[in-house]
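Below, each chain spelled out in residue letters.
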Amino acid sequence: MKIAVPVNDNNTKTEICPSFGRTPFYMIKDTVSNAFDFIVNEAAESIGGAGIKAAQLLLDKNVEIVLTPRCGENSAKVLADASVKLYRTQGNSAMENFDLYEKGKLEPLTNIHPGFHGHGG
Amino acid sequence: MAAKIAVLSGKGGTGKTLVSVNLALAANKAVYVDCDVEEPNGHLFFKPTTIKKEDIFVKIPSIDKNLCTGCKKCVEFCKFNALAYAKELIVFDEVCHSCGGCVMICPQKALNEKDKFIGTVKTGISENVKTITGELKTGEASGVPIIKNLLNKVKDEKELVFIDCPPGSACTVMESIADADFCLLVAEPTVFGSHNLEMVYELIKVFKKPCAVVLNKTTQEKNPSEEFCIKNGIIIFQKIPFDQELGELNSNGKIAVRENYSKKSLFYDLLDKVREAVK
C-alpha cells in the first residue's frame, strides 16, 4: 500500500506543505517495502484545477492513503471516487506522520474546504 | 458605422454606470450594453421594456460510460485540469473552459458536447436608448461567454454604443474593451482610486486603445487621480463634482440627464468630447 504526504522538500527531514494541490513534492511510503519515494507535483504550476491534477497524479501512482493538513473539494472528490482515504496530519514533520498513521493516531480529514478556484475568468 | 465607447474603472463604485447611462441617454440615439454581468445595474436606471430575452449556454463534455475505456487521453489533454479519471471519468463543469478538445481527442468517441446554462441576455428599450444586459447565473465562474454574446449583438451597430464594463482589469474587462474604439476611464479622487486608475490605464496601453479620463466625485481637495493623469499626459474629459443633488438622483435610480439636474450640461459636454474623439 502507498501513503502520500504533500511536502516542501524532497528529503526525509522535510516539513509538510500546507497546500495539497500546489505542494512542490509528495513523499510516498510503500508499506510493503518500507521505502520512501519523492515525486514532483507537476500540478503545482497549473493556472487552474491544480488540486484535480494533483489528485490524478497520486491515483496514477496507486496511492491509497493521503495524509494532509487540508484538502480542497475538487481534489477530495477525485480521491474519494477512487476510494483513497484522507487523514489529517499533526505537526510539521512528514516522517512523524507516517508513524502516527501506522499507529492509528491520525483522525480522518473531514472538513474539506471549498478551494481557492473560480477566481478571475 | 458608429463608434463603441467602453466605460471602465479599476474598482467598483466609481461611476461607470452613472457615466455610461447618462451619456447613452444624452445621445440622440444610442445603445447601452451592460457587460458588468456579475452585477448588472444599468437596467435599474433605464427600467427598459424587455423586447427579447435569451438563455446563454456553454458547451461542456458529456460521457458515454459504455464507450469510455479509461485511456485518460482527455485527462492528459485538458490544460484546464477539468477532467480526472478515478473509477470512471469525472468532469468538473466549473473548471471547463468549453474548448471542446477532449471531445476531439477521445479515440473511442465516448465524449460529446452538451449545453450548460450560464445566464441570460435581455434586450430592451428605454426612450431613445436600446439596452442590452447580460446576467451571469450566480455561482458560475466566468462571464466571458455572455460578454461575447452581448458584443456580438452590436458588432454592426449604426448608433453610438456605450459599453458599461465590469470593474477591474481581468478577463471580463479585456473581453469588454476588445472591440471598443475609445475607452473612458472613470476615477475617484483618492489614493486608492488613483492606484486602480493606474492598473486599468496599464491595460488600455496593452490594448493600444485611445482613452480619456472622467474624474468623478471631485472636491476642492487634492486629487491623486488628477495628478496621475497630469503626470502621464492623459486627457481629462470631465470632472463630475461630489454633489448631493447628483448623489440623490443616482441612489434613487434616476438618470440625471432625464431629470431636472442643475448640472446636466456636464454630461452633454462630455458627450461632445467623446463624439469629437471618435469622429
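1. Observations regarding the overall build of chain A
Within chain A, the regular secondary structure consists of 3 helices and 5 strands. Along the chain direction, N to C, the helices and strands of chain A fall in the order β-β-β-α-β-α-β-α. Its C-alpha radius of gyration of 13 Å places chain A within 12% of the 14 Å reference for a compact globule of 121 residues. Projected onto its principal axes, the C-alpha coordinates of chain A cover approximately 45 × 25 × 25 Å. Out of the 121 residues belonging to chain A, those deemed buried represent 41%. Taking all contacts inside chain A whose residues are at least 6 apart in sequence as the whole, residues at least 24 apart take part in 45%.

2. Focus on helix α3 (residues 94-102) of chain A
For an α-helix, the turn length of 3.6 residues means that residues three or four places apart are oriented alike. Residues and elements named next belong to chain A. Buried within α3 we find Ala94, Asn97 and Phe98. Burial along α3 is one-sided: seen end-on, the buried residues are contained in an arc of 105 degrees. If you follow the buried residues of α3, they end up packed against β1 (2-7), β2 (25-30) and β4 (63-68). One or two residues past the end of α3 sits Gly104, with phi positive at roughly 70 degrees.

3. Concerning the sheet that holds strand β3 (residues 35-40) of chain A
Residue and element names in this part refer to chain A. Taken together, 5 strands build an open sheet; the order of strands is β3-β2-β1-β4-β5 and the sheet is mixed. Each having just a single partner strand, β3 and β5 (85-88) make up the two edges of the open sheet. Across the sheet, the mean angle from the axis of one strand to that of its neighbour is 25 degrees, orientation sign disregarded. Summarising the sheet, β2 and β3 pair through 6 bridges and their orientation is antiparallel. By the bridge assignment, Met27 is partnered in β3 with Phe38. Sheet strands in contact with α3 are β1, β2, β4 and β5, and its direction is about 145 degrees off that of β1.

4. Regarding helix α2 (residues 73-81) of chain A
Of the residues making up α2(A), those classed as buried are Asn74(A), Ser75(A), Ala76(A), Val78(A) and Leu79(A). Looking at the buried positions of α2(A), the neighbouring elements they touch are α1 (50-60), β4 and β5 of chain A together with β4 (83-85) and β5 (89-91) of chain B. Remark: Ser83(A) follows α2(A) within two positions and exhibits a positive phi of approximately 60 degrees.

5. Section: the domain arrangement of chain B
Note: interface size is frequently given as the accessible area lost on complex formation between the parts. You can read the domains of chain B as domain 1 (4-56 + 120-278) and domain 2 (65-109). Measuring from the centre of the C-alpha atoms in domain 1 of chain B to the corresponding centre in domain 2 of chain B gives 40 Å.

The rules behind the values
- Every chain is numbered on its own, with residues counted from 1 as its sequence reads.
- Chain labels run from A onward and ligand labels from 1 onward, assigned in the order the entries are written.
- Per-residue local features of the predicted model are confined to residues with pLDDT of at least 70, and side-chain atom pairs are confined, for both listing and counting, to 80 or more; whole-chain, interface and lining totals are unaffected and use all residues.
- Helix numbering and strand numbering both begin at the N terminus, where a helix is a DSSP run of H or I of at least 4 residues and a strand a DSSP run of E of at least 2.
- Both definitions apply: the radius of gyration is a C-alpha atom measure, and the globule rule equals 2.2 Å times residues to the power 0.38.
- Think of it as a crowd count around each C-beta: if 20 or more other C-beta atoms lie within 10 Å the residue is buried, if 12 or fewer it is exposed, and in between it is partly exposed, with C-beta placed from the backbone throughout.
- Any residue pair is listed as a contact if its two C-beta atoms, each placed from the backbone, are within 7 Å.
- The reported arc concerns the directions from the helix axis to the C-beta atoms and nothing else.
- One requirement defines pairing of two strands: DSSP has to find at least two bridges between them.
- Axes here mean lines fitted to C-alpha atoms, for a helix over just the part in contact, with angles spanning 0 to 180 degrees between N-to-C directions.
- An automatic or database domain assignment is the source of the domain bounds shown.

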